[in-house]
Amino acid sequence: MCSQVLKHQLLRVKRKVTSGQQIYVNNAFSKCTLPMFVNLTFREVRNWRSHRDVDESSLCVTVHESIEQLFCSLERKCGQKLVSRALGYITMAKMGLSEMELEDVLALDNSVMNELNESVRPSNPLRVPYLYIARLKEGLSGYLIERHVKNITLLVWANRHLQLIAQKLYLQDNSDLHEMHTILADYFLGVWSGGRRKAFCLGDPYLNGCLDLESRSLLEEEKHFTEQASFDRQAPDQPWVFQCNPLEPDIFFVNHRKMCELLHHLTRCGKTDDLLYGIIMNFSWLYTMIKIGQFDKVLLDIELAYNCSQEKELKFLASTLRSIKTKVVAFPGSLSAELQQRLLPVVSSLPKLRHLLLECDKDGPKYCSIVPLHSSMDVTYSPERLPLSSSHLHVTEILPTCNPSTVLTALENGSISTWDVETRQLLRQITTAQSVILGMKLTSDEKYLVVATTNNTLLVYDNVNSCLLSEVEIKGTKHGSGSTYINGFTLSVKHALAWLEASKDVTVIDLLYGWPLYQFHCWYEVTCVQCSLDGVYAFCGQYLNTTTIFHLGSGEKLCTVTSEFSGGFVKFLLILDTAQEMVMVDSEGSLSVWNTEDISNPQLTDDFDCRREDSEVVSIELSEDQSAVLICKALSIELLDTGMWKVAEKFRAKHNERFISAVLSKNGDCIIATMENTSAVFFWRRDTGQCMASLQEISGTIVKLVKSSHHNMLLSLSTSGVLSIWDIDIITAMSNIDKTGKPIQSLVLPARGEIIYSLDGSDCVHKWNFSSGFLEAVFKHEGIVEHCVLTSSGDVMVTSDDKSSQYVWHTSSGENLFRINGQRISQLLITHNDQFVVSLCEENASRVWRLATGHRVCNILTTLQNAFITSANTFVVGMTKSKVLAVSLWTGSITKKVCCEDGTTIVNFKLIPDCPDIIVFITSAETVNIWSLTDEVICRRVQLPNNFLKNLEDFEISPNGKLGIISRGDENINVLDLHSGKLRVVHASGVIWRHRLSRDGRYLVYICFRNGEEEDENGAISSLIVMRLADGKNIGACSLYKTPTFLALSQRHLNIIVGFDDGSIGIYTVVDRVDAALKIKIATSNSRQIFNNATQTSRPKCHSYCFKMSVDCLWRESTEVFARDSPITVSDSMEPNEATPSKKHNSCYDRVCSALESRGHSYAPDN
């Protein structure tokens, strides 16, 4: 049958075999009759000539041998290297390669190009002639087939046998595999696209001839050789998506080939950096995958990348994406803003996330115009948890290792387990023959594991192979009757040192050979032992605050020192190898510091007597890189500076609270501690003592806290026997968020500059740095601060409190220049030229006074509310008894009055910034009126619908006076065209809480709260949204995860500042891609640079400035009395020209003038 099929195939191509050749054909068919074998035999036989001598070896007898013969014939025809690499690339590709991709990839392979250019000088561009690709396809016709995958034609194998043989022949050498995966990864990354040249110098005689060492310098020769040996391979660009129109970023075609192949090859070639930054930290990849509905695939790819790189940034990114899944799946455009809000607080602790933030800055504004500059969002973090036992009483010891995901645990039943915390898998287990374990330790290189048991033996294990190396019995001098156990042991580089209870002897054991070397004999009972870092000396602490120093190599006793606080015993020993110091900490917390430069004769340098406190020491930590020693007592925590050996900070526990343990963060800015009978880990700011967060441990009350010396990890054990592993880098990122502790009630911004001032109902005004989001200064007042105004540059600040005091501050130096008492202020205003202040009062006369001198200009006898100063600094306009009054700033008299004659009242009014003489007011008759101050006439009146103003909350007018924004406390935004009288209603996604109109009138920023039935699963309670008024389109939305209390917009740029109920602020900016200027300042924003500045190791210190106790000026009914020692120039209040400033010079006047002159205005006495 097979012979007949072969005969018909040969006849179709006008070929046949001789009778002698047919014998060998029949012999081959007798051994294999598979259809594929018949086809492969036909390909071989049709090339035979009638005169060719054939034998048994001329034909293969299996399919695999025939495939190998086919590939060999291709190699002879096209070249061995080209065929091996081409078939190898097709085989190793995850879904196959297209014809064009195969041609491009072969052009990037230097070994292939070297084979093709052996006798021809290479030239630009360096490509593989298509003739070779055509020959390859022709030679494999029927076996290398075309398959359509997502509208792309790919070359794939028609049979699995072909793939197996190709893999066997061409994909066995590991170095070749790595090189080929790297070439494919570079191709799909687009490394050599855009005309970038790739070096080509594999034994090319023409290129080697380019070297001329005699005529050129070495540098020129290297440059010349690089130019001559590099060629453009014309590789195509590989974006994640192909966009048709840049203005319509949501209309795109996905680069499915890159999506499918890149991750596969990067993981195979081990290019973890490209895997991290080219895919996982690439915003375009994240957005595209989520946009096409592949969110779960994103998490799987991140997990795969984490398994390859073990970067904790990937783990945090995965948890962040899970927390915002609902939001970004419904609105993919909000991905950049949501990521930036959550990643900005931790980027200083997880620096590799900065790349993703920069990617969000670059590509995020295409989809969302809101860009967070400073996020105050609290870090949401859940530790890895591992259940060890039903109760903590069964857990004897916990040891962290060099691997952050691996821990060693010992139970009282004698079992020692090695766990992988992330997978919760038991890696290894050791049983100590039912001996109760007292403790265990690892050597610094983790080669040996030493275990102390109740049998008074030390068990030395090979930690890698988990096998017992030796067992050594500990002996010592005993005092008194009864059995004694091992009191403690410690490890050095090559030795183990152990001592019994109530013993004066310390046994030294050689870990390598597992036998005792000698015993150290001390004067008193040994309480603790510590070894030097190099393993040369041993320090033995004893009763009566005595320490003896021994040489570990010889066993020689070098010296004995005793502290003058000899009442207790040495509980801890700290060895500072860098400073050559030894610190003895006794049971009462007293310290004595000894200089060990001369090890045989230590000298006492400092001591601290802490015996007055009835509090025992529970833990101690030495941080040499931070020059700090943390001493945790039951009732207090002390932090000592090892540079000057003094107490830097001290924190006391609250009443009826006791500390269990405390540790320092990596940078020393935070203290992490646990309390008795609590299930939380607390984090305190070291500089302010403020509790930044308390993370609840859901598994129960924490009874033990262990800090890893290898990684910045914290291990906690709860009463339920659950071990939790905390990443200190992540949780200390909470200290990057400054909070005042009270809800923000008001935010004040200068017209120029990037400084923010906040009022929170306390006696302080807080100064925030716009660039970093940190608190810079606190201005303390005598009473609760009620009002605050700034000059345009922000150099001078005027405040008032509920104690009827006004304060003038120099914001840079923090100096309270002068203080005025006498009247409680209802509103503070400052003129646009920064020269005069208007202090409005409800009970007494209001005043206009000169900022530089404090002298009164005039009195305003009318009570004004919601007042404004016209841009010409001529009038102060305000409401009183349903009327709008314009009062002269220079005489205090009422110049203009607006009231409704038909009996209706004025509900609210606004000034138009670009038209200083125009007022817009709303009446109770639901009309909007535009009134001219100059002509004293109504220019235009617009009638609103019935009952429209029933729930009026606020309204704003655009600077040009064309649009009015009216809010009614519902889900609608009412945009009123004041010229045509048309009212446009735009529906919002929730109840509008606050809205602000941008200075140019082009954008509306508003915060809306979600409906109760639409509660966000991620905890977001409101949204910040920016709407472009030209087309009514929402160009950006960002979730707010705290309760907002104030919304402010800067005047210069469209920067948004939101105050929250916990005293923190969030800073955002708007980058609208339609805007001609585009305001692309994000990539160089200081809020990003702060985490890129390697020299900045700690946050800037927050300064505190206090008010003046003495009063410089006292206001009475119509006069003012200056104090004799006041820095303000004293003048006669009866002088006729009170508006003219004093010509006398004084220090206060000069300081205020210098601050005001920074604005660039002339300081003339007249307006």
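The rules behind each value
- All chains use their own residue numbering, which begins from 1 and follows the written sequence.
- Per-residue local features of the predicted model are confined to residues with pLDDT of at least 70, and side-chain atom pairs are confined, for both listing and counting, to 80 or more; whole-chain, interface and lining totals are unaffected and use all residues.
- Only heavy atoms go into the side-chain values, all of them from the structure, while hydrogens and water stay out.
- Numbering of helices and strands starts at the N terminus; helices are DSSP runs of H or I of at least 4 residues and strands are runs of E of at least 2.
- Each residue is assigned to one of three classes by its accessible area relative to the maximum for its type, calculated with a 1.4 Å probe on protein chains only: buried under 20%, partly exposed between the two thresholds, exposed over 50%.
- In this description, contact between two residues means that some pair of their heavy atoms is separated by no more than 4.5 Å.
- Accessibility throughout is a Shrake-Rupley quantity obtained with a 1.4 Å probe, and a residue counts as covered only by protein chains that appear here.
- Counting of polar contacts relies on pairs of N or O atoms within 3.5 Å, with two restrictions inside protein: one atom must be capable of donating a hydrogen and the other of accepting it, and residues adjacent in sequence are counted only when both atoms are side-chain atoms.
- Any pair of Phe, Tyr and Trp rings, taking the six-membered ring for Trp, is counted once the centres come within 6.5 Å. Such a pair is stacked with planes under 30 degrees apart, edge-to-face with planes over 60 apart, and tilted for the rest.
- Two limits define a charge over a ring: the Lys NZ or Arg CZ must be within 6 Å of the ring centre, and within 35 degrees of the ring normal.
- In this description, strands pair whenever DSSP reports at least two bridges between them.
- Helix axes are fitted to C-alpha atoms over the stretch in contact, other axes to C-alpha atoms as well, and angles between N-to-C directions run from 0 to 180 degrees.
- An angle below 35 degrees is treated as roughly parallel, one above 145 as roughly antiparallel, one from 65 to 115 as roughly perpendicular, and anything else as oblique.
- Residues qualify for a patch when their relative accessible area is over 30% and they have no salt bridge, like charges being joined within 9 Å and the nonpolar side chains of Val, Leu, Ile, Met, Phe, Trp and Tyr within 5 Å.
- Each reported salt bridge corresponds to a side-chain nitrogen of Lys or Arg within 4 Å of a carboxyl oxygen of Asp or Glu.
- This arc corresponds to the set of directions leading from the helix axis out to the C-beta atoms.
- Here a cavity denotes grid points, spaced 1 Å and computed from the protein atoms alone, that fit a 1.4 Å probe unable to get out, and a pocket denotes an open set having protein on both sides within 12 Å along at least 5 of 7 lines; residues with an atom within 4 Å of a point are the lining.
- Grid points are joined across faces, edges and corners, and a volume is the space filled by probe spheres set on the points.
- For this scheme, ten residues count as nonpolar: Ala, Val, Leu, Ile, Met, Phe, Trp, Tyr, Cys and Pro. Four count as charged, namely Asp, Glu, Lys and Arg, and the remainder, Gly too, count as polar.
- Put simply, buried Ala, Val, Leu, Ile, Met, Phe, Trp, Tyr and Cys residues joined by side-chain atoms within 4.5 Å make one nonpolar core.
- Left-handed is the label given to a crossing in which the near helix is rotated counterclockwise from the far helix by less than a right angle, and right-handed is the label when the rotation is clockwise.
- As a per-residue measure, pLDDT reflects the predictor's confidence and takes values from 0 up to 100.

**Q** Please clarify how the overall build of the chain should be interpreted in this entry.
**A** If you tally the helices and strands in the chain, you get 23 helices and 73 strands. In the chain, buried positions account for 54% of the 1167 residues. Across the chain, contacts joining residues at least 24 apart in sequence account for 50% of those joining residues at least 6 apart. Total accessible area computed for the chain in this model is approximately 50,900 Å², and 49% of it derives from carbon and sulfur atoms.

**Q** Looking at this model, I keep getting lost on the side chain of Asn929. Mind explaining?
**A** With respect to the helices and strands, the residue Asn929 is situated in strand 58 (residues 927-932). Residue class for Asn929 comes out buried when judged on its relative accessible area of 2%. In this structure the side chain of Asn929 is engaged in a polar contact, spanning 2.8 Å, whose partner is the side chain of Arg941. Residues contacting Asn929, with those up to four places away along its chain left out, are Ile919, Val920, Phe921, Thr923, Ile938, Arg940 and Arg941.

**Q** Looking at this structure, how should I read the packing of aromatic side chains?
**A** In this description, an aromatic ring pair is defined by two values, namely the gap between the centres and the angle between the planes. If you walk through the whole model with that rule in mind, you get 22 aromatic pairs. With centroids separated by 4.2 Å and ring planes inclined at 5°, the aromatic side chains of Phe520 and Phe550 adopt a geometry described as stacked. One end of the pair, Phe520, is in strand 20 (residues 515-521); the other, Phe550, is in strand 23 (residues 546-551), and 30 residues separate them in sequence. Judged on exposure class, the residue Phe520 and its partner Phe550 are both buried. Between Phe868 and Phe909, the aromatic rings sit 5.6 Å apart at their centres with planes inclined by 90°, giving edge-to-face as the arrangement. Here the residue Phe868 occupies a position in strand 52 (residues 865-869), and Phe909 occupies one in strand 56 (residues 906-912), the gap between them amounting to 41 residues. Residue class for Phe909 comes out buried when judged on its relative accessible area of 0%. If you follow Arg135 out to its NZ or CZ, it ends over the ring of Tyr132, 5.7 Å from the centre. Across the ring face of Tyr1041, the terminal group of Arg342 is positioned such that the distance to the ring centre comes to 4.6 Å.

**Q** What am I meant to see in the side chain of Ser309 here?
**A** On the secondary structure map, Ser309 appears in helix 16 (residues 295-309). Among the polar contacts listed, one links the side chain of Ser309 to the backbone oxygen of Ala305, at a separation of 2.9 Å. Each residue touching Ser309, except ones within four places of it in the same chain, is listed here: Thr272 and Leu314.

**Q** Even after reading the chapter, I still don't get the pairing of strand 49 (residues 836-840), so can you show me in this structure?
**A** The side chains of a regular strand alternate, residue by residue, between the two faces of the sheet. With 5 of 5 residues buried, strand 49 lies mostly within the body of the structure. Burial of the side chains of strand 49 extends over both faces: Phe836, Val838 and Leu840 are buried on one face and Val837 and Ser839 on the other. Connecting the antiparallel pair strand 48 (residues 827-830) and strand 49 is a turn made up of 5 residues, with Asp834 showing a positive phi of about 65°. Linkage of strand 49 to strand 50 (residues 846-850), two consecutive antiparallel strands, is achieved through a turn of 5 residues.

**Q** Would you take a moment to explain the packing of helix 4 (residues 63-78) against helix 5 (residues 80-92) for this structure?
**A** When two helices pack together, their arrangement is given by the angle between their axes and by how far apart the axes lie. Packing of helix 4 against helix 5 brings their axes to within 7 Å, and their N-to-C directions diverge by 125°. The angle between helix 4 and helix 5 falls in the class oblique. In this structure, helix 4 uses Phe71, Leu74, Glu75 and Cys78 to contact helix 5, whose residues at the interface are Gln80, Leu82, Val83 and Leu87.

**Q** Any chance you could explain a nonpolar patch on the surface here in plain terms?
**A** Taken together, the side chains of Leu512, Tyr513, Trp515 and Leu517 make up a nonpolar region of the molecular surface, amounting to roughly 440 Å² of accessible area. Mapped onto the fold, Tyr513 is located in the loop between strand 19 (505-510) and strand 20. According to the relative accessible area criterion, Tyr513 is exposed, its value standing at 52%.

**Q** Whenever I open this one, helix 8 (residues 130-139) confuses me. Can you help?
**A** Each α-helix turn comprises 3.6 residues. Residues three or four places apart therefore point the same way. Every buried residue of helix 8 is accounted for by Ile133, Leu136 and Gly139. Down the axis of helix 8, the smallest arc covering the buried residues is 130°, so these residues share one side.

**Q** I would appreciate a short explanation of the sheet that holds strand 17 (residues 486-491) in the present structure.
**A** Sheet strands pair by backbone hydrogen bonding; their relative direction is either parallel or antiparallel. Taken in spatial order, the 4 strands make up an open sheet running 17-18-19-20, and their pairing is antiparallel. Two strands in the sheet have a free side with no partner beyond their single neighbour: strand 17 and strand 20. Mean inter-strand twist for the sheet, computed between neighbouring axes without regard to direction, equals 25°. Sheet topology note: the strand 19/strand 20 ladder contains 6 bridges and is antiparallel. Each bridged residue has a counterpart across the sheet, and for Val508 the counterpart in strand 20 is Tyr518.

**Q** When you look at empty space enclosed by the protein in this model, what are you seeing that I'm missing?
**A** Empty space among the atoms becomes visible once a probe the size of a water molecule is rolled across them. Evaluated as defined, the whole model comprises 6 cavities of 30 Å³ or more. The space that makes up the second largest cavity amounts to roughly 60 Å³. Contributing to the lining of the second largest cavity are Gln341, Ser375, Ser376, Met377, Leu1040, Tyr1041, Lys1042, Phe1060 and Tyr1068. Broken down by class, the residue content of the lining of the second largest cavity amounts to 5 nonpolar, 3 polar and 1 charged.

**Q** Just checking my understanding: could you explain helix 15 (residues 283-291) for this structure?
**A** Extensive coverage of helix 15 is indicated by the burial of 7 of its 9 residues. Those residues of helix 15 lying buried are Phe283, Trp285, Leu286, Tyr287, Thr288, Met289 and Ile290. Measuring from the backbone nitrogen of Ser284 back to the side-chain oxygen at the start of helix 15 gives 3.0 Å, which picks out Asn282 as the cap. Backbone geometry just after helix 15 places Gly293 at a positive phi near 85°.

**Q** It is not clear to me how the environment of Arg968 should be interpreted in this structure. Could you clarify?
**A** Its location among the elements puts Arg968 in the loop between strand 61 (963-967) and strand 62 (972-977). Taking the C-alpha atoms as reference points, Arg968 and Trp993, separated by 25 residues in sequence, lie 9.5 Å from one another. Discounting residues that sit within four places of it in the chain, Arg968 has contacts with Asn947, Phe948, Asn951, Glu953 and Asn974.

**Q** How should I be thinking about the pattern of salt bridges in this particular structure?
**A** Oppositely charged side chains are able to pair whenever their charged atoms sit close together. Under the criterion given, the structure shown has 35 salt bridges. Its salt-bridge partner being Lys168, residue Glu68 comes within 3.1 Å of it at the nearest N-O pair. Pair noted here: Glu68 is in helix 4 and Lys168 is in helix 9 (residues 160-170), with a separation of 100 residues, a long-range link. On the basis of relative accessible area, Glu68 is assigned to the partly exposed category, the value being 22%. Here Lys168 falls in the partly exposed class, since its relative accessible area comes to 48%.

**Q** Explain the sheet that holds strand 23 here, please?
**A** On the basis of which strands lie adjacent, the open sheet formed by 4 strands has the order 21-22-23-24 and antiparallel pairing. Here the strands that pair on one side only, and so sit at the sheet edges, are strand 21 (526-531) and strand 24 (557-562). Ignoring strand direction, the axes of neighbouring strands in this sheet form an average angle of 20°. Where strand 21 and strand 22 (residues 537-542) come together, 5 bridges link them in antiparallel fashion. Each bridged residue has a counterpart across the sheet, and for Val526 the counterpart in strand 22 is Gln542.

**Q** Explain the nonpolar core here, please?
**A** A general feature of soluble globular proteins is that nonpolar side chains tend to end up buried together. The biggest cluster of nonpolar side chains holds 101 residues, and the ones touching the most others in it are Phe71, Leu321, Leu335 and Leu339. Leave out the neighbours within four places in its chain, and Leu339 touches Leu286, Leu317, Thr320, Leu321, Ile324, Leu356 and Cys360.

**Q** How should I be thinking about unusual backbone geometry in this particular structure?
**A** Of note, Asn866 is a non-glycine position whose phi angle comes to about 50°, a positive value. Its place among the elements puts Asn866 in strand 52. Classification of Asn866 as partly exposed rests on a relative accessible area of 49%. Backbone geometry at Ser882 places phi at a positive 65°, although glycine is not the residue there. Here Ser882 lies in the loop between strand 53 (875-880) and strand 54 (883-888). Under the relative-accessibility criterion, Ser882 is labelled partly exposed at 29%.

**Q** Is there a simple way to think about the packing of helix 5 against helix 9 in this case?
**A** Contact pair helix 5 / helix 9: the axes reach a minimum separation of 9 Å and the direction vectors enclose 125°. For the element pair helix 5 / helix 9, the angle class is oblique. In terms of crossing hand, the pair formed by helix 5 and helix 9 is left-handed. Residues Val83, Ser84, Leu87 and Thr91 of helix 5 form the contact with helix 9, whose own contacting residues are Gln163, Ala166, Gln167 and Tyr170.

**Q** What is the right way to look at the confidence of the model for the chain in this model?
**A** Any residue range with low pLDDT should be treated as having predicted coordinates unsuitable for detailed reading. Per-residue confidence for the chain gives a mean pLDDT of 82, with 85% of residues at or over 70. Of the regions scoring below 50 in pLDDT, residues 1075-1097 engages in 38 contacts with residues more than four places distant in sequence or in other chains. Every residue in residues 1129-1145 scores below 50 in pLDDT, and together they form 21 contacts with partners more than four places removed in sequence or on other chains.

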